[in-house]
Amino acid sequence: MRPMTTRWREQKRSISGLHAMTAKEPVKRQQQPPEGGWGWVVVGALFVVSCLVYGLIRSLGVFFVEFVQYFGETAQAVSWITSIGLAMQQLFSPLATALCNMYGTRPIVMIGGLLSGLGFILASQATSLTHLYLTMGLISGIGWAFIFTPTVGAVMQYFTRRRSLAMAIGFTGVGLSSFAFSPLFQFLLETYAWRGALLILGGMSLNMVACGALIRPVTFTKAMEKTVQNSSLLSRLSVYFELPLLLQRPFLTYGAAITFFNAGYFVPYVHLVAHSRTAGFSEYQSAFVISATGVTDILGRVLSGWVSDLGRLRLVHMLCLWTLLLGLFLLALPLGTMGGYAGLLTTSLAQGLCSGAMTPLVFAVVPEIVGMERMLGALGLLQLIESIGGLLGAPLSGWLKDTTGSYSASFAMAGGFLLLGSAVTTTLPGFCSCAVPKAHSDAEGGTPMTEEPKEKS
Amino acid sequence: MRLLWGFVTLSLCVYHTVAATDPQITATPGDEVFPGNETSVTLGCSITDAPSPIKGSYWTKNGEKIKNTETEGADATTEYSIDKITNTAGGKYACVFDTQPQSIKEIEVKTPTHVKPYKESEHGNENDKGVLTCVSHGYPLPLDWFWFKVTGDSEVAIINGTEKYEIKSTPERTILYVKALDMTADMGDYVCKGDNGLGMATGQIHLRVRSRLAALWPFLGIVAEVIVLIAVIFIYEKKRKPDEVTDGSAPLKSNSATNHKDKNVRQRNSN
């Protein structure tokens with residue numbers, strides 16, 4: 001049954017391709033993403049971007065010790081710096097993708113690189129914690145928004161068949177750099193004091209401007225043939241921001257799903273150390289659990305990307321599967337801890353693997369749901385929507401810990417959110433079919449959606 | 001008259017109740033314990049005149065119950081051993097007997113002063129302010145803190161409130177601010193001393209002063225590298241595919257069409 005449908009789909013695509021070639025209308029965008037070739041360079045850009053955005057954020061802890069002492073503030077007040085930075089990154093994502101729709105991805109990412117570098121350079125001259133909030137938090141955060149989601153979108157535009165693997169390889173930057181950056185930042189602090197170290201980090205962040213330069217345009221700025229050039233500003237803005245997506249059921253369903261994912265996903269990162277210390281394990285044992293989980297996280301990303309691209313199961317099904325497993329392992333974590341150090345370690349490793357595995361899929365699935373044309377805007381909006389999950393999950397888990405006295409309730413809650421999100425994913429339209437359904441936007445006569453070919457590579 | 005009689009009876013009853021719930025608990029080795037150089041110490045409580053039958057007992061430290069110290073039974077004595085005397089062993093311990101109402105006796109375990117630098121080496125920038133911190137984790141906490149600067153073989157006392165130095169102290173920590181750091185004069189070792197009445201303890205911090213410009217050179221190096229990278233990327237792009245950059249659709253369209261044709265041929269042959 002399958003080979004026949006595959007061939008039919010291939011012929012259909014080739015016919016429409018021929019039509020596009022012979023038709024007199026200007027082609028809005030390329031029909032086939034250029035798998036491989038320059039695409040892998042863009043993956044390299046995504047790798048560097050992951051390092052310099054999320055890897056950097058994860059390793060800022062060593063600076064916080066200095067800030068607490070120098071400014072005489074509490075650890076909680078200092079931790080607001082990263083909270084503001086991450087919040088800006090998610091809040092300004094829709095704006096970033098809208099600007100990309102208007103002007104193209106390359107200039108936006110380059111501007112983002114400049115902003116993130118500028119934030120750290122200005123931070124090196126700070127005389128109060130508020131200055132750090134404004135520079136490292138606000139300015140760099142907006143820079144990260146202009147960089148991260150557009151680069152992810154660019155990689156997705158370059159790949160169809162190997163999309164998950166490309167994303168996975170790109171994201172390994174986060175894990176690998178957090179291993180390297182911690183000792184590096186410590187060295188910078190000791191050699192140059194925190195002001196000098198921040199200045200150098202600003203310079204390092206400027207490398208992301210070069211990453212932006214690497215993103216050669218594949219698709220062009222969103223064609224305005226559909227909406228009249230002279231139509232009102234509001235309607236043009238709504239097209240750039242992809243606001244009509246907010247009214248579509250598939251998008252909203254997926255938005256709800258990733259909000260739930262986000263509510264549970266970060267709990268292990270925040271609470272695992274404290275949980276293992278409370279269970280009575282030593283500092284070294286706890287640190288080892290974290291490092292080992294970091295390794296399985298990286299492995300999970302690459303594994304998931306490679307397996308997904310083999311094409312046995314649809315991406316949505318893989319995502320559902322991995323999030324289901326992650327939810328179960330999160331629920332199992334408190335139980336595993338009761339089984340001693342070995343139990344904690346195994347459940348933790350499994351949880352790390354599933355966490356890493358779902359990360360590339362969460363992004364790679366988006367074109368399946370909204371179509372390639374709207375993918376960039378959708379990514380931006382989703383970043384904003386999922387921030388609600390993050391804002392909900394972290395304080396809730398902390399409150400559960402304070403009221404129940406142990407972290408078991410927090411992990412149970414995280415597992416519950418993951419399972420809930422997994423269940424919501426099953427309600428996506430066309431979930432039960434083996435073939436990828438046409439995305440909503442295609443019904444309006446847009447370009448045919450690129451699909452997952454089932455032939456083996 | 002009846003009112004007066006009622007009042008007297010009431011006050012006698014109250015006095016009786018108060019007197020009845022005043023248990024005598026003897027603490028060993030005493031109300032205040034100074035472990036000093038010993039490696040372990042055993043605290044003991046022995047209750048007489050319990051207000052009600054004893055159901056059990058447990059120990060607390062600084063208000064929090066200590067795990068695994070709960071015993072059940074009518075034992076009028078209870079013991080708690082502190083196996084390892086470190087600076088954290090000190091505190092306000094209490095034995096609690098489960099009676100109606102609870103009978104509690106507090107025992108203070110006082111260890112010698114504990115002083116530790118927050119960070120053993122500090123780095124500051126020229127003309128910036130340097131911050132040196134010492135903390136104490138022990139009981140009792142120091143009443144007095146002192147700072148000294150090591151010059152040669154001797155220690156020079158640092159006075160609070162000058163243009164150069166400011167000291168802010170609380171029992172748990174002391175902070176020395178050195179303003180307008182000078183690379184030659186202010187670099188070196190600083191000593192903090194604290195005394196909680198049971199002896200003086202010291203901590204040493206090494207302060208390094210870095211030039212403001214020190215980080216500037218690597219920074220400029222990185223900026224130069226970024227500019228070179230961007231220039232190379234754009235020049236490479238212009239040289240490699242000039243038509244792709246200037247004119248968009250046509251070449252790409254022909255590429256994709258070629259791909260389509262190839263794929264079709266492959267498909268038909270294979271099937």
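The structure presented is a predicted model; accordingly, all values stated were derived computationally and were not measured.

## Quick notes on the overall build of chain A
Check the secondary structure of chain A and you find 17 helices and 0 strands. Counting over 457 residues, chain A shows a buried share of 57%. Taking the intrachain contacts of chain A between residues at least 6 apart in sequence as the baseline, contacts between residues at least 24 apart amount to 84%. With the model as given, the accessible surface of chain A reaches about 18000 Å², and the carbon-plus-sulfur share is 70%.

## Section: the overall build of chain B
Scanning chain B from terminus to terminus reveals 4 helices and 18 strands. Looking at chain B as a whole, 37% of its 271 residues qualify as buried. Summed over all atoms, the accessible surface of chain B reaches about 16500 Å², with 55% contributed by carbon and sulfur.

## So, the environment of Gly 141 of chain A
Residue and element names in this part refer to chain A. Locating Gly 141 in the fold gives a position in helix α7 (residues 129-158). With relative accessibility at 0%, the residue Gly 141 sits in the buried group. Expressed as a C-alpha distance, the spacing of Gly 141 and Leu 91, which sit 50 residues apart in the sequence, is 9.3 Å.

## Description of the confidence of the model for chain A
Residue and element names in this part refer to chain A. When pLDDT is averaged across chain A, the result is 81; 84% of the residues are at 70 or more. By mean pLDDT, the top-scoring element of chain A is helix α6 (residues 105-123) (95), and the lowest-scoring one is helix α1 (residues 2-22) (46). Confidence drops under pLDDT 50 across residues 1-6; counting only partners more than four residues distant or on other chains, this segment forms 4 contacts. Per-residue pLDDT stays below 50 along residues 12-31; that stretch engages in 28 contacts with residues further than four places along the chain or on separate chains.

## Section: the packing of helix α16 (residues 375-404) of chain A against helix α17 (residues 408-425) of chain A
Residues and elements named next belong to chain A. Interhelical geometry of α16 versus α17 gives an angle of 145 degrees and a closest axis separation of 8 Å. Both α16 and α17 take part in a crossing whose hand is right-handed. Of the residues in α17, those touching α16 at Leu 392, Gly 393, Leu 396, Ser 397, Leu 400, Lys 401 and Thr 404 are Ala 409, Ser 410, Met 413 and Phe 417. Considered class by class, the residues forming the contact of α16 with α17 number 6 nonpolar, 4 polar and 1 charged.

## Quick word on a nonpolar patch on the surface
Residues and elements named next belong to chain A. A surface patch of nonpolar side chains, about 350 Å² in accessible area, is lined by Leu 176, Phe 179, Val 295 and Leu 299. Looking at the nonpolar patch, the elements that each hand over two or more residues are α8 (163-214) and α12 (283-309). As for its position among the elements, Val 295 is in helix α12. Overall, Val 295 belongs to the partly exposed group, its relative accessible area being 40%.

## A closer look at the side chain of Ser 304 of chain A
All names here are of chain A. Its place among the elements puts Ser 304 in helix α12. Look at Ser 304 and you get buried, because its relative accessible area is 0%. Residues within four places of Ser 304 in sequence aside, it is in contact with Trp 322, Ala 357, Pro 360 and Leu 361.

## With respect to the packing of aromatic side chains
Scanning the model with the defined rule gives 22 aromatic pairs over all chains in all. Pairing Phe 64 of chain A with Phe 67 of chain A gives two aromatic rings, centres 6.3 Å apart and planes at 40 degrees, and the pair type is tilted. Of this pair, Phe 64 of chain A and Phe 67 of chain A both sit in helix α3 (residues 61-71), separated by 3 residues, roughly a single helical turn. Across the pair, exposure class does not vary: Phe 64 of chain A and Phe 67 of chain A are buried alike. Across from the ring centre of Trp 38 of chain A, 3.6 Å away, lies the NZ or CZ of Arg 216 of chain A, which sits over that ring. A cation over a ring is seen here: Lys 65 of chain B above Tyr 58 of chain B, with NZ or CZ 4.4 Å from the ring centre.

## Section: the nonpolar core
The biggest cluster of nonpolar side chains holds 119 residues, and the ones touching the most others in it are Phe 63, Phe 67, Leu 201 and Tyr 254 of chain A. The biggest single contributor to this core is α8 of chain A, with 22 residues. Leaving out residues up to four positions away in the same chain, Tyr 254 of chain A has contacts with Leu 319, Leu 361, Val 362, Val 365, Val 366, Ile 369, Leu 382 and Leu 428 of chain A. Counting 19 residues, the second largest nonpolar core, distinct from the first, contains Ala 27, Cys 45, Ile 66 and Ile 85 of chain B.

## Section: the state of the cysteines
Defined simply, a disulfide is a covalent bond joining two cysteines at their sulfur atoms. Residue and element names in this part refer to chain B. Counted by the stated rule, this structure contains 2 disulfides over all chains. Linked covalently through their sulfurs, Cys 45 and Cys 95 form a disulfide whose S-S length is 1.9 Å. Taking the sign of the torsion about the S-S bond as the criterion, the disulfide between Cys 45 and Cys 95, at about -85 degrees, is left-handed. Here the residue Cys 45 occupies a position in strand β3 (residues 41-48), and Cys 95 occupies one in strand β8 (residues 91-97), the gap between them amounting to 50 residues. Comparing Cys 45 with Cys 95 shows no difference in burial state: the two are buried. A sulfur-sulfur separation of 1.9 Å characterises the disulfide bridge that pairs Cys 134 with Cys 192. On the sign convention where negative is left-handed, the bridge of Cys 134 and Cys 192, at about -85 degrees about the S-S bond, is left-handed. Of this pair, Cys 134 sits in strand β12 (residues 130-135) while Cys 192 sits in strand β17 (residues 188-195), placing them 58 residues apart in sequence.

## Let's talk about the pairing of strand β14 (residues 154-157) of chain B
All names here are of chain B. Relative to β14, strand β13 (residues 144-151) runs antiparallel, the two being bridged by 4 bridges. Residue pairing across strands places Phe 148 opposite Ala 157, the latter belonging to β14. Between the antiparallel neighbours β13 and β14 lie 2 residues, among them Gly 152 with a positive phi of about 65 degrees.

## As for the sheet that holds strand β7 (residues 77-82) of chain B
All names here are of chain B. Overall, antiparallel pairing links the 3 strands, which are arranged β1-β3-β7 in an open sheet. For this open sheet the edge positions go to β1 (24-28) and β7, each flanked by a neighbour on one side alone. For this sheet, the mean angle separating the axes of adjacent strands, direction not counted, is 15 degrees.

## Thoughts on helix α14 (residues 340-364) of chain A
Over its 25 residues, α14 of chain A extends 37 Å from the first C-alpha to the last, a length consistent with the 36 Å expected when each residue adds 1.5 Å. Along α14 of chain A, 19 of the 25 residues are buried, which leaves the element largely enclosed by surrounding structure.

## A look at unusual backbone geometry
A negative phi holds for most residues other than glycine; trans holds for most peptide bonds. Residue and element names in this part refer to chain B. Residue Pro 29 is bonded to the preceding Thr 28 through a cis peptide linkage, with omega at -5 degrees. Relative to the assigned elements, Pro 29 resides in the loop between β1 and β2 (32-33). Of note, the bond from Gln 100 into Pro 101 is cis; its omega dihedral lies within 30 degrees of zero at -10 degrees. Position of Pro 101 among the secondary structure elements: in the loop between β8 and β9 (103-109). One non-glycine residue, Asp 49, adopts positive backbone phi at about 60 degrees. One non-glycine residue, Ala 180, lies in positive phi territory at about 50 degrees. Owing to a relative accessible area of 45%, Ala 180 belongs among the partly exposed residues under this scheme.

## Some details on the pattern of salt bridges
Pairing is possible between side chains of opposite charge, provided their charged atoms come close. Evaluation of the coordinates by the stated rule reveals 13 salt bridges over all chains. The partner of Asp 128 of chain B in a salt bridge is Arg 195 of chain A, with the nearest N and O atoms 2.7 Å apart. Note that Asp 128 of chain B is positioned in the loop between β11 (121-125) and β12 and Arg 195 of chain A in helix α8, a pairing that runs across two chains. Assessed through its relative accessible area of 9%, Asp 128 of chain B is described here as buried. The class for Arg 195 of chain A is buried, based on a relative accessible area of 6%. Linking Glu 237 of chain B and Arg 216 of chain A is a salt bridge whose minimum nitrogen-to-oxygen distance equals 3.2 Å. Of the two residues, Glu 237 of chain B sits in helix α2 (residues 216-240) while Arg 216 of chain A sits in the loop between α8 and α9 (233-240), which places them in two different chains.

Calculation rules
Residues numbered from 1 in each chain as written. Chains lettered and ligands numbered in written order. Predicted model: local features only at pLDDT ≥ 70, side-chain atom pairs only at ≥ 80, totals over all residues. Heavy atoms only, no water. Helix = DSSP H or I, 4+ residues; strand = E, 2+ residues; numbered from the N terminus. Buried < 20%, exposed > 50% of the residue type's maximum accessible area, 1.4 Å probe, protein only. Contact = heavy atoms within 4.5 Å. Areas by Shrake-Rupley, 256 points an atom, 1.4 Å probe, with all protein chains shown as cover. pLDDT = per-residue confidence, 0-100. Axes fitted to C-alpha atoms, helices over the stretch in contact; angles between N-to-C directions. Left-handed = near helix turned anticlockwise from the far one by under 90°. Nonpolar A, V, L, I, M, F, W, Y, C, P; charged D, E, K, R; others polar. Patch = residues over 30% accessible without salt bridge, like charges linked within 9 Å, V, L, I, M, F, W, Y side chains within 5 Å. Salt bridge = Lys/Arg side-chain N within 4 Å of Asp/Glu carboxyl O. Phe/Tyr/Trp six-rings, centres within 6.5 Å; stacked < 30°, edge-to-face > 60°. Lys NZ or Arg CZ within 6 Å of the ring centre and 35° of its normal. Core = buried A, V, L, I, M, F, W, Y, C linked by side-chain atoms within 4.5 Å. Disulfide = S-S within 2.5 Å. Pairing = 2+ DSSP bridges. Expected span 1.5 Å × (residues − 1).

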